[in-house]
Amino acid sequence: PLWDRLAQSSEQIEILTKRLGNYRKILLGQNTVKAALGEAQRQLSEAEKRLLNNSSDSLAAAELQGLLKQLSNAQSLPILRTEALPVKAIGSDYGKLSVRLEVSGPIDRLVSLMASFDSGDKTIFLEDMRISPTTINVPNKKHVRATLTVSALKRLDRSVAPPVKKS
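Cut-offs used in this document
The residue numbers shown here count from 1 along each chain, following its written sequence. Only residues with pLDDT of 70 or above have their local features reported here, since the model is predicted, and side-chain atom pairs are shown and tallied only from 80 upward, although totals for entire chains, interfaces and linings are computed over all residues. In computing side-chain values, all of the structure's heavy atoms are included and hydrogens and water are not. Following DSSP output, two strands are said to pair if at least two bridges run between them. Working definition: helices are DSSP H or I runs of at least four residues, strands are E runs of at least two. Numbering for both runs from the N terminus. In the sections that follow, a salt bridge refers to a side-chain nitrogen of Lys or Arg positioned within 4 Å of a carboxyl oxygen of Asp or Glu. When a residue's accessible area, from a 1.4 Å probe over protein chains only, is under 20% of the maximum for its type it is buried; when over 50% it is exposed; and in between it is partly exposed. For our purposes a nonpolar core is just a set of buried Ala, Val, Leu, Ile, Met, Phe, Trp, Tyr and Cys residues, chained together by side-chain atoms within 4.5 Å. In this analysis, two residues are considered to be in contact whenever any of their non-hydrogen atoms come within 4.5 Å of each other. The directions considered for the arc run from the helix axis to the C-beta atoms. Counted as a polar contact is a pair of N or O atoms within 3.5 Å, where, for protein atoms, one must be capable of donating a hydrogen and the other of accepting one, and residues adjacent in sequence contribute only when both atoms are in side chains.

**Student:** Help me understand the pairing of strand β5 (residues 143-155), please; the structure alone is not making it clear to me.
**Tutor:** Residues in a regular strand point their side chains to alternate faces of the sheet. Examined bridge by bridge, strand β3 (residues 94-106) and β5 share 13 bridges and lie antiparallel to one another. Bridging across to β5, Pro106 finds its partner in His143. Pairing geometry for strand β4 (residues 124-133) and β5, over nine bridges, is antiparallel. By the bridge assignment for β5, Pro133 is matched with Val144.

Structural data, given as structure tokens:
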């Protein structure tokens, strides 16, 4: 019986040695995970700087409309009308705010306006675009009327309680 116990102890020692080796590998990788977490948090904070500043839906819509007006004025492209669309939740912390706007002017200015979405301080992206010519059978005059749906991300307003679903 003593010999059998020593054999079992030997097997246990081998198993525990392997387990200890695995734990050491995990502990050595801990610094790598901490560094990766720090880098991910830094990237998140950089990306959040490009979100709309206002967490309130109406103020964020006004902020986005102001940004779009500023960009279109820089391209000398008049905005005919704008319409703020409801905010759609993206995850638990962020929402997507969209604005539908209608512009009219030369097609090259429209392209410049869309290119300027990437160059600003805020992350603005084009979701939908519908273009129609304003003049037909006049090849030299490339004026268009476009309806664009432009969106930006914002933090959701946590001061407003989410609606309770009744079953």
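**Student:** When you look at the pattern of salt bridges in this model, what are you seeing that I'm missing?
**Tutor:** Going through the model one piece at a time under the given rule, you end up with 10 salt bridges. Close ionic contact of Lys49 with Glu46 constitutes a salt bridge, the shortest N to O distance being 3.3 Å. Classification of Lys49 as exposed rests on a relative accessible area of 54%. Between Lys96 and Glu127 there is a salt bridge, with its nearest N and O atoms 3.1 Å apart. Here the residue Lys96 occupies a position in strand β3, and Glu127 occupies one in strand β4, the gap between them amounting to 31 residues. Taking relative accessible area as the criterion, Lys96 reaches 14% and is therefore assigned buried. One network of salt bridges, with partners in common, ties together Arg81, Glu83, Arg100, Glu102 and Arg145.

**Student:** Is there a simple way to explain the nonpolar core in this structure?
**Tutor:** As a rule of thumb, soluble globular proteins bury nonpolar side chains together. Among the nonpolar cores identified, the biggest contains 22 residues, and Leu64, Leu68, Leu110, Phe117, Ile124 and Leu148 are the most heavily contacted of them. Elements with a minimum of two residues in this core: α2 (57-74), β3, α3 (107-116) and β5. Top contributing element to this core by residue count: α2, with six residues. With residues near it in sequence (within four places) discarded, Leu110 still touches Leu77, Val103, Ile131, Val144, Ala146 and Leu148.

**Student:** In this structure, what is going on with α3? I would like to understand it.
**Tutor:** A turn of α-helix holds 3.6 residues, and therefore any two residues three or four places apart point the same way. Buried residues of α3: Leu110, Leu113, Met114 and Ser116, and no others. The arc enclosing the buried residues of α3, seen along the axis, measures out at 160°, which places them on a common side.

**Student:** Is there a simple way to explain the environment of Asn54 in this structure?
**Tutor:** Locating Asn54 in the fold gives a position in the loop between α1 (2-48) and α2. Relative accessible area serves as the criterion here: at 27%, Asn54 is assigned to the partly exposed category. Among all residues touching Asn54, those that are not within four sequence positions of it are Leu59, Ala60, Glu63 and Lys154. One polar contact links Asn54 to Glu63, side chain to side chain, over a distance of 3.1 Å.

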